[in-house]
Amino acid sequence: MDTLRAVFMILGALLAVGGSVAVVALEFGSSSERRLVSRLRDTIEVLLPPVAVVVLVWLVWLGR
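A few points on the structure. (Residues numbered from 1 in each chain as written. Predicted model: local features only at pLDDT ≥ 70, side-chain atom pairs only at ≥ 80, totals over all residues. Heavy atoms only, no water.)

**Thoughts on the overall build of the protein**
The secondary structure content of the protein amounts to two helices and zero strands. Taking all 64 residues of the protein together, the buried fraction comes to 16%. Of all intrachain contacts in the protein linking residues separated by at least 6 positions in sequence, the fraction that spans at least 24 positions is 55%. Accessible surface, the protein as shown: approximately 5,100 Å² in total, 74% of it carbon and sulfur. (Helix = DSSP H or I, 4+ residues; strand = E, 2+ residues; numbered from the N terminus. Buried < 20%, exposed > 50% of the residue type's maximum accessible area, 1.4 Å probe, protein only. Contact = heavy atoms within 4.5 Å. Areas by Shrake-Rupley, 256 points an atom, 1.4 Å probe, with all protein chains shown as cover.)

**Concerning the pattern of salt bridges**
Per the counting criterion, the structure on display carries one salt bridge. Between Arg-41 and Glu-45 there is a salt bridge; the shortest N-O distance is 3.1 Å. Linking Arg-41 with Glu-45, this pair stays in helix 2 (residues 39–62), spanning four residues, or about one helical turn. For Glu-45, a relative accessible area of 32% translates into the label partly exposed. (Salt bridge = Lys/Arg side-chain N within 4 Å of Asp/Glu carboxyl O.)

**Remarks on helix 2**
Between its terminal C-alpha atoms helix 2 stretches 34 Å, which fits the 34 Å expected from 24 residues at 1.5 Å a residue. Of all the bends in helix 2, the greatest, near 30 degrees, is centred on Leu-47, and the proline Pro-49 appears no more than four residues after it. Those residues of helix 2 not exposed but buried are Asp-42, Val-46, Pro-50 and Val-57. (Expected span 1.5 Å × (residues − 1). Bend = angle between axes of the 7 residues up to and from the residue.)

**Things to note about a nonpolar patch on the surface**
Together, Phe-28, Leu-47, Val-51, Val-55, Leu-56, Trp-58, Leu-59 and Leu-62 line one region of the surface with nonpolar side chains, adding up to about 780 Å² of accessible area. Looking at the nonpolar patch element by element, the count peaks at seven residues for helix 2. Assignment of secondary structure puts Leu-47 in helix 2. (Patch = residues over 30% accessible without salt bridge, like charges linked within 9 Å, V, L, I, M, F, W, Y side chains within 5 Å.)

Below you can see the structure in the form of structure tokens.
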């Protein structure tokens, strides 16, 4: 059962982090279409959710 849990944790981590990377790539790829409040604010708005996902995945792996 421990092997099955590890497999699901790896797949979940890959899906979460991979999905976040895809969203960041799409957001930065469409930067000309984004509202231009400020470059720093746009960067923070795009990078904050993926950073949170990485932190959550890291916490799940620590709690294993």
